[in-house]
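# Close look at the chain arrangement
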Amino acid sequence: MIKKDTNHQDSAICEDGHSAVEELEEKIAWLEAQLDAQGAELKNLQDSLLKMQRAFRMLASRMEDPYATRSESDEVPPPHY
């Protein structure tokens, strides 16, 4: 509940003693932090998506020509029994 501060007619005081302006400033700060966190997470997801798209394209190109030569670094050595 909001009640009027008797010392300042224009500022409202909440029950916990914070002014309405302070409460709004806290909410804005929290929202800004959430927005920053979501932006960072979105960037991580975009980076992951790009990495997966590159891997998918590479696998798709291998599927198109299964007899294409591969580099020696791509070859898996046979297991030794």
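Within each chain, residues carry numbers counting from 1 in the order of the written sequence. Totals for whole chains, interfaces and linings use every residue, but because this is a predicted model, local features are given only for residues with pLDDT of at least 70 and side-chain atom pairs only at 80 or more, for both listing and counting. Hydrogen atoms and water are omitted, and side-chain values are computed over all heavy atoms in the structure.

## A few points about the overall build of the protein
A tally of regular secondary structure across the protein gives one helix and two strands. Taken over 81 residues, the protein has a buried fraction of 5%. Computed with the Shrake-Rupley method and a 1.4 Å probe, the accessible areas treat only the protein chains shown as cover for residues. Here the protein has roughly 7900 Å² of accessible surface; of this, 60% comes from carbon and sulfur atoms. A run of H or I in DSSP becomes a helix once it reaches four residues, and a run of E becomes a strand once it reaches two; helices and strands are each numbered from the N terminus. Each residue is placed in one exposure class: buried if its accessible area under a 1.4 Å probe, protein chains only, is under 20% of its type's maximum, exposed if it is over 50%, and partly exposed if it falls in between.

## Looking at the pattern of salt bridges
One side-chain nitrogen of Lys or Arg within 4 Å of one carboxyl oxygen of Asp or Glu is enough to make a salt bridge. Taken as a whole and judged by the stated rule, the model has two salt bridges. The partner of Glu23 in a salt bridge is Lys27, and the shortest N-O contact between them spans 3.7 Å. Pair noted here: Glu23 and Lys27 are both in helix 1 (residues 20–64), with a separation of four residues, about one helical turn. With relative accessibility at 47%, the residue Lys27 sits in the partly exposed group. Of the charged contacts, one joins Lys43 and Asp47 as a salt bridge, the two residues approaching to 2.9 Å between their closest N and O atoms.

## Here we look at the side chain of Ser19
The residue Ser19 is located in the loop between strand 2 (12–14) and helix 1 in this model. Here Glu22 takes part through its backbone nitrogen, which lies 3.1 Å from a polar atom of the side chain of Ser19. Counting of polar contacts relies on pairs of N or O atoms within 3.5 Å, with two restrictions inside protein: one atom must be capable of donating a hydrogen and the other of accepting it, and residues adjacent in sequence are counted only when both atoms are side-chain atoms.

## A look at the confidence of the model for the protein
On average, residues of the protein score 80 in pLDDT, and 67% of them are at 70 or above. The least confident element of the protein, judged by mean pLDDT, is strand 1 (residues 2–4) at 49; the most confident is helix 1 at 94. The predictor attaches a confidence to each residue, and that confidence, scored 0 to 100, is pLDDT.

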